[in-house]
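So you can see what is in the structure, the chains are spelled out below.
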Amino acid sequence: MALSSSCRTWHCLLALFLLSSAAYGQLSPSFYAKSCPTLELIVRATMIKALLAERRMGASLLRLHFHDCFVQGCDGSILLDDKGSFVGEKTALPNMNSVRGFEVIDEIKKNVELVCPGVVSCADIIALAARDGTVMLGGPSWPVPLGQRDSTTASLNAANSDIPTPDYNLDQLIAAFNKHQLSPRDMTALSGAHTIGYSQCLNFRDHIYNGTNIDPVFATLRKRTCPAQAPNGDTNLAPFDVQTALVFDIAYYSNLVTKRGLLNSDQELFNGGSQDALVSQYATNPALFATDFVAAIIKMSNLSPPPGIPTEIRRNCRVVNS
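Residues numbered from 1 in each chain as written. Predicted model: local features only at pLDDT ≥ 70, side-chain atom pairs only at ≥ 80, totals over all residues. Heavy atoms only, no water.

Peer 1: Outline the UniProt feature "site: Transition state stabilizer" (unreviewed entry) in the protein chain, supporting the account with residue identities and numerical values.
Peer 2: In the numbering adopted here, UniProt assigns the feature "site: Transition state stabilizer" (unreviewed entry) to Arg-63. Residue Arg-63 is classed as partly exposed on the basis of its relative accessible area of 29%. (UniProt positions renumbered as here; feature names shortened; annotations may be inferred. Buried < 20%, exposed > 50% of the residue type's maximum accessible area, 1.4 Å probe, protein only.)

What follows is the structure, given as structure tokens:
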């Protein structure tokens, strides 16, 4: 009887050990609670400074988070500079002369290293900065899954192939998100990030001049600063959301309903397809959009590098540790 009881106790202890082992290394909002308890305060303070200098930076850092996670997981690979024979992701077509905010990440990293040297990954700093920038522009908050590590490599090819482009149709968008275990609903919610920020003329020129699913008055407005002949005006900016360009709200979706999506890939979400009903719901229900956006971005933030990719905690976000 005693032996049987002892065995049961051992089985319980073994089960607890296996459970704790399985949990070890998993992402958690409290990952740095002991190793760097002031992390979120440092990020928030630096972000306040950055947005006071340029309010648009909140949108830029949210986009940086997307472009990082869509290439081999949220691993900070997008931050790596080209150096010698190493070619990173910054010169990929979706990123070149477009993705920005690197200096803000550098400053956050510098401030964090002063307090918690060698502890916090650049990948986690991007995720926290994206969350705080969103909140500061009026968007929802969410518990950021922390504990990601920084990749020691990057993939120019994956950046060129995995990040959705402005000319994607709905099927291509669904496939691109599905590749990262994100559902069509996740995709439509995450696309709401385009309720803040700006895009360059080269990204929406074809849509405003040749699109068939665009309000003609809106197209005329956008043509004022986006000449038909490339490369004239290629880098001229226009807001995704003409009403409240730097406020995180639901205007993006109401624009889609009235065919005033800036990019072709935006308007594809409301163009007689499977996402029309959800777009209509978001356009009138801010709480539903916020709930779905938070769920989707947490899901995206949990994307980790594939097994076998070497990782580290970079001391400088732009270069691999020597």
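Peer 1: With reference to specific residues and values, describe the pattern of salt bridges.
Peer 2: A complete count under the given rule lists 14 salt bridges for this structure. Ionic pairing is found between Glu-54 and Arg-100, a salt bridge with its closest N-O pair at 2.8 Å. Note that Glu-54 is positioned in the loop between helix H2 (39–53) and helix H3 (57–69) and Arg-100 in the loop between H3 and helix H4 (102–115), a separation of 46 residues in sequence. For Glu-54, a relative accessible area of 27% gives the class partly exposed. Residue Arg-100 is classed as partly exposed on the basis of its relative accessible area of 23%. (Salt bridge = Lys/Arg side-chain N within 4 Å of Asp/Glu carboxyl O. Helix = DSSP H or I, 4+ residues; strand = E, 2+ residues; numbered from the N terminus.)

Peer 1: Lay out unusual backbone geometry in plain terms, naming residues and giving numbers.
Peer 2: Of note, the amide linkage connecting Ala-230 to Pro-231 takes the cis form, showing an omega dihedral of 5 degrees. Among the structural elements, Pro-231 can be located in the loop between helix H10 (216–223) and strand E3 (237–239). A positive phi angle is found at Gln-72, which is not glycine, with a value near 60 degrees. Within the element layout of this structure, Gln-72 appears in the loop between H3 and H4.

Peer 1: Can you explain the UniProt feature "active site" (unreviewed entry) in the protein chain? Please cite residues and give values.
Peer 2: UniProt records the feature "active site" (unreviewed entry) at His-67, using the numbering of this structure. On the basis of relative accessible area, His-67 is assigned to the buried category, the value being 9%. Contact partners of His-67, with chain neighbours within four places excluded, come to Ile-78, Pro-94, Asn-95, Val-99 and Ile-163. (Contact = heavy atoms within 4.5 Å.)

Peer 1: Describe the packing of helix H9 (residues 201–210) against H10, naming the residues involved and giving the relevant values.
Peer 2: Across the interface, H9 lies against H10 with an axial gap of 9 Å and an inter-helix angle of 135 degrees. Taken together, the axes of H9 and H10 are oblique relative to one another. For H9 against H10, the interelement crossing comes out left-handed. For the pair H9 and H10, contact is made by Phe-204, Ile-208 and Tyr-209 and by Ala-219, Arg-222 and Lys-223, respectively. Considering only residue class, the contact of H9 with H10 consists of four nonpolar, no polar and two charged. (Axes fitted to C-alpha atoms, helices over the stretch in contact; angles between N-to-C directions. Parallel < 35°, antiparallel > 145°, perpendicular 65-115°, else oblique. Left-handed = near helix turned anticlockwise from the far one by under 90°. Nonpolar A, V, L, I, M, F, W, Y, C, P; charged D, E, K, R; others polar.)

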